[in-house]
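An overview of the molecular structure
Spelled out from the first residue to the last, the chains are:
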Amino acid sequence: MEKRYIVLMGAPGAGKGTQAKRLQDALGLPQVATGDLFRYNLKQKTELGILANKYMDAGELVPDSVTIAMVQERLAQTDCANGAILDGFPRNPLQAEALDDLLEELGGRVVVVPYIHVNQEELVRRLIKRAELEGRADDNEETVRTRMRVYQEQTEPLLTYYRDKGLLVEINGQQAIDDVYADLHQVIQRAA
Ligand code: ADP
């Protein structure tokens, strides 16, 4: 069976993580979230985690070589035998091309790229609220601003990359969580 990969796109605060967690069970595919992998590594105090943390705290991207190697290793694990839901990767054009190469090696492809769209004002409101609730170190005001800028400069070009491949489908992220989920699920089921 061909492996199926779903790339979830959306700005910080768009709700990718929330939705990816719910989609895992329904699709039988694991969520592979680079941010979570970095945070896990930091908790375990691995060399990778300590290196990544410097960039995360600043709101910048962790260097591509490190990120791509980590994803490559994760996608080779047995729970990813049928594919995965990618959350937070790729985040720039170089990562997107690396992913294409990697998936070719693994015998799979990106089947659909749902783009969860939320307007800027609402994103900022959500991230501030998340900072209060979860206390994530990179949810302070200055880092949030940097992450937004990094998203606009480096990640947004990927929308064009995937739109040109006919894979991008926009989802309205400003609905109730259940409604966003219903739209996502439908879009993914329809994809080949
Ligand atoms: P959010 O989507 O809310 O910004 P994440 O948990 O996905 O949060 O990412 C947090 C941080 O982890 C990013 O600001 C960045 O430093 C790092 N990171 C996550 N994914 C990548 C990636 N694909 N490439 C480089 N850095 C990444």
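Fair warning: this is a prediction, and the values are worked out from it, not measured in the lab.

**A closer look at the packing of aromatic side chains**
Applying the stated criterion across every chain, the model contains 1 aromatic pair. When the ring of Tyr161 is compared with that of Tyr162, the centres are 5.1 Å apart and the planes differ by 85°; the resulting orientation is edge-to-face. Tyr162 sits in the buried class, given a relative accessible area of 0%. The ring of Tyr181 has Arg22 lying over it, and the distance from NZ or CZ to the ring centre is 4.5 Å.

**Some thoughts on the site of the ligand**
Thr34, Arg39, Glu60, Gly88 and Gln95 are the nearest of the 19 residues found near the ligand. In the model, a nitrogen atom of the ligand is placed 2.7 Å from a nitrogen or oxygen of the Thr34 side chain. Glu60 is positioned such that a nitrogen or oxygen atom in its backbone is 2.6 Å from an oxygen atom of the ligand. Contact with the protein chains hides 95% of the accessible area of the ligand, taken as 550 Å² for the molecule alone. No other element matches helix 2 (residues 34-43), which puts 4 residues into the shell around the ligand. For the shell around the ligand, the residue count by class is 6 nonpolar, 5 polar and 8 charged.

**Observations regarding the pairing of strand 1 (residues 3-8)**
Counting buried positions over the 6 residues of strand 1 gives 5, a clear majority of the element. With 4 bridges connecting them, strand 1 and strand 4 (residues 108-117) associate as parallel partners. Each residue of the ladder has a partner; that of Tyr5, found in strand 4, is Val110. In this structure, strand 1 lies alongside strand 3 (residues 83-87), joined through 5 bridges in parallel fashion. Paired with Val7 across the strands is Leu86, a residue of strand 3.

**Thoughts on a negative patch on the surface**
Side chains of Glu97, Asp101, Glu104 and Glu105 sit close together on the surface and give a patch of like negative charge. Along the chain, Glu105 falls in helix 5 (residues 93-106).

**Quick word on the nonpolar core**
Membership of the largest hydrophobic core comes to 56 residues, with the highest contact counts inside it found for Ile6, Val7, Leu75, Leu99, Val113 and Tyr162. The element best represented in this core is strand 4, accounting for 6 residues. Residues in contact with Val113, not counting those within four places in the same chain, are Val7, Met9, Tyr162, Leu167, Leu168 and Val169.

**Quick look at the pattern of salt bridges**
Two side chains of opposite charge can pair, provided their charged atoms sit close to one another. Under the defined criterion, the tally for this structure stands at 14 salt bridges. Residue Arg22 pairs with Asp178 through a salt bridge whose shortest N-O separation is 2.9 Å. Of this pair, Arg22 sits in helix 1 (residues 16-27) while Asp178 sits in helix 9 (residues 177-190), placing them 156 residues apart in sequence. On the basis of relative accessible area, Asp178 is assigned to the partly exposed category, the value being 48%. In this structure, Glu122 and Arg125 form a salt bridge, with 3.0 Å as the shortest nitrogen-oxygen distance. Remark: Arg125 and Glu122 occur in helix 6 (residues 120-134); sequence separation between them is 3 residues, near one turn of the helix. Relative accessible area serves as the criterion here: at 17%, Glu122 is assigned to the buried category. Looking at Arg125, the relative accessible area reads 48%, which means it is partly exposed. Through salt bridges with shared partners, a single network forms among Arg130, Asp138, Asp139 and Arg147.

What counts as what
Residues numbered from 1 in each chain as written. Predicted model: local features only at pLDDT ≥ 70, side-chain atom pairs only at ≥ 80, totals over all residues. Heavy atoms only, no water. Phe/Tyr/Trp six-rings, centres within 6.5 Å; stacked < 30°, edge-to-face > 60°. Buried < 20%, exposed > 50% of the residue type's maximum accessible area, 1.4 Å probe, protein only. Lys NZ or Arg CZ within 6 Å of the ring centre and 35° of its normal. Near = heavy atom within 4 Å. Polar contact = N/O pair within 3.5 Å; in protein donor to acceptor, adjacent residues only side chain to side chain. Areas by Shrake-Rupley, 256 points an atom, 1.4 Å probe, with all protein chains shown as cover. Helix = DSSP H or I, 4+ residues; strand = E, 2+ residues; numbered from the N terminus. Nonpolar A, V, L, I, M, F, W, Y, C, P; charged D, E, K, R; others polar. Pairing = 2+ DSSP bridges. Patch = residues over 30% accessible without salt bridge, like charges linked within 9 Å, V, L, I, M, F, W, Y side chains within 5 Å. Salt bridge = Lys/Arg side-chain N within 4 Å of Asp/Glu carboxyl O. Lys, Arg positive; Asp, Glu negative; His and termini not counted. Charge placed at Lys NZ, Arg CZ, Asp CG, Glu CD. Core = buried A, V, L, I, M, F, W, Y, C linked by side-chain atoms within 4.5 Å. Contact = heavy atoms within 4.5 Å.

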